[in-house]
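Per-entry structural report
The chain contents come next:
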Amino acid sequence: MSQYSIHSTQYYTDMSNHMNLTLKVWRQKNDKAKGQFVTIQAKDIADDMSFLEMLDIVNDDLTRKGEDPIYFDHDCREGICGMCSLVINGRPHGPMEGTTTCQLHMRSFHDGQTIVIEPWRAAAFPVLKDLAVDRTAFDRIQQAGGYVNVNTGGVPDANVIPIPKRIADEAFESATCIGCGACVAACKNASAMLFVSAKVSQFALLPQGQTERYERAQAMVDQMDAEGFGNCTNTGACEAECPVGIKLTNIARLNREYLGAKIFRQEDVHN
């Protein structure tokens, strides 16, 4: 997490189109303070900058003026870590489908446009400062059951355990969830079902995940509820805003796994 990071901008060529933007940014001093939208001008922004690079430029300007820079989360800036959690003009990660905020470029906007930037809105994701939220609720859900607790020995050869390609592909696609929380931000009930279902599915589909199959589903769902996430709305907003395309079919699988956990005792599975 960083207050701001300064990136070189002198290398943007004169061939780039430049624009001036009006930003309405959520500013909140800490998790206990009352926040508000503040209007900030972003000037001479090149259209081939990423959205986070644009914020870097704005923060450079604020710093030179002696003002507090905008606090936002980021890490890899390559679309794989899930840290860049911003709601841009009402949409998690912005207007482009299948794109994280750090991979969103300013050519998606136009000169003179007003851009509203705010953090994820969910009781389970309290605002830390400005645009950064506390997503450790996801970590606690993972710790509740998102692992395989068996001694697997050394690394097996790739084809020792025969797994149909379709099943392997589904497990891999579920495992691509980057835990950004866009699904929660998109859901009117702030549900984490898409995230939890992806983390359950990546194990439930594979032989290695069967040992703790029902324990996992119940423990992770119980922890999700304890964190204060809402119920699934079945509207599909989570899938529509997911930057890596996690499917709603995972939620159906999670429901089956959780129902199985209620019907069968874990010791019945082990015998």
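How each quantity is defined
Starting from 1, residues in each chain are numbered consecutively following that chain's sequence as written. A pLDDT threshold of at least 70 governs which residues receive local features in this predicted model, and a stricter bar of 80 or more applies before side-chain atom pairs are shown or counted, although totals over entire chains, interfaces and linings include all residues. Here the side-chain values reflect all heavy atoms present in the structure, with hydrogen atoms and water set aside. UniProt positions are given in the numbering used here, feature names are shortened, and annotations may be inferred rather than shown by experiment. By convention in these notes, a salt bridge is any Lys or Arg side-chain nitrogen within 4 Å of a carboxyl oxygen on Asp or Glu. Labels follow the DSSP assignment, with helices taken as runs of H or I lasting at least four residues and strands as runs of E lasting at least two, numbered in each case from the N terminus. Pairing between strands is defined by DSSP: at least two bridges between them are needed. Note on definitions: a residue-residue contact is assigned when non-hydrogen atoms from the two residues lie within 4.5 Å. Note on geometry: axes are lines fitted to C-alpha atoms, helical ones only across the stretch in contact, with angles between N-to-C directions running from 0 to 180 degrees. Between 65 and 115 degrees an angle is taken as roughly perpendicular, under 35 as roughly parallel, over 145 as roughly antiparallel, and anywhere else as oblique. For a crossing to be left-handed, the near helix must be turned anticlockwise from the far one by less than a right angle; the clockwise case is right-handed. Residue polarity is assigned by list, with Asp, Glu, Lys and Arg as charged and Ala, Val, Leu, Ile, Met, Phe, Trp, Tyr, Cys and Pro as nonpolar; anything else, Gly included, falls into the polar class.

Taking an unreviewed UniProt entry as the reference, the chain is identified by name as Succinate dehydrogenase belonging to Sphingobacterium paucimobilis HER1398. The heading Sequence similarities (unreviewed entry) in the UniProt record of the chain holds the text "Belongs to the succinate dehydrogenase/fumarate reductase iron-sulfur protein family."

To continue, consider the pattern of salt bridges. All told, the structure shown has 15 salt bridges when counted by the stated rule. With a shortest N-O distance of 3.2 Å, K65 and D61 are connected by a salt bridge. Between E170 and R166 there is a salt bridge, with the nearest N and O atoms lying 2.7 Å from each other. On the criterion of helical spacing, the pair formed by E170 and R166 is a turn pair, its members being four residues apart in helix α3 (residues 165-175). Among the ionic contacts, a cluster of salt bridges with common partners joins R27, D68, K129 and D130.

Here the focus is the sheet that holds strand β5 (residues 114-118). Taken in spatial order, the five strands of this open sheet run β2-β1-β5-β3-β4, and their pairing is mixed. The open sheet has two free edges, formed respectively by β2 (36-46) and β4 (91-92), since each of these has just one partner strand. Summarising the sheet, strand β3 (residues 87-88) and β5 pair through two bridges and their orientation is antiparallel. When the sheet's bridge partners are listed, V87 is paired in β5 with E118. This element, helix α1 (residues 51-64), spans β1 (18-27), β2, β3 and β5 of the sheet and lies at about 105° to β2.

Below, the discussion takes up the packing of helix α5 (residues 193-204) against helix α6 (residues 213-227). Here α5 crosses α6 at 160°, and the two axes come no closer than 11 Å. In terms of orientation, α5 lies roughly antiparallel with respect to α6. Relative to α6, the crossing made by α5 is right-handed. Residues M193, V196, K199, V200 and F203 of α5 pack against R216, M220 and M224 of α6. Residues that form the contact of α5 with α6 fall into these classes: six nonpolar, no polar and two charged.

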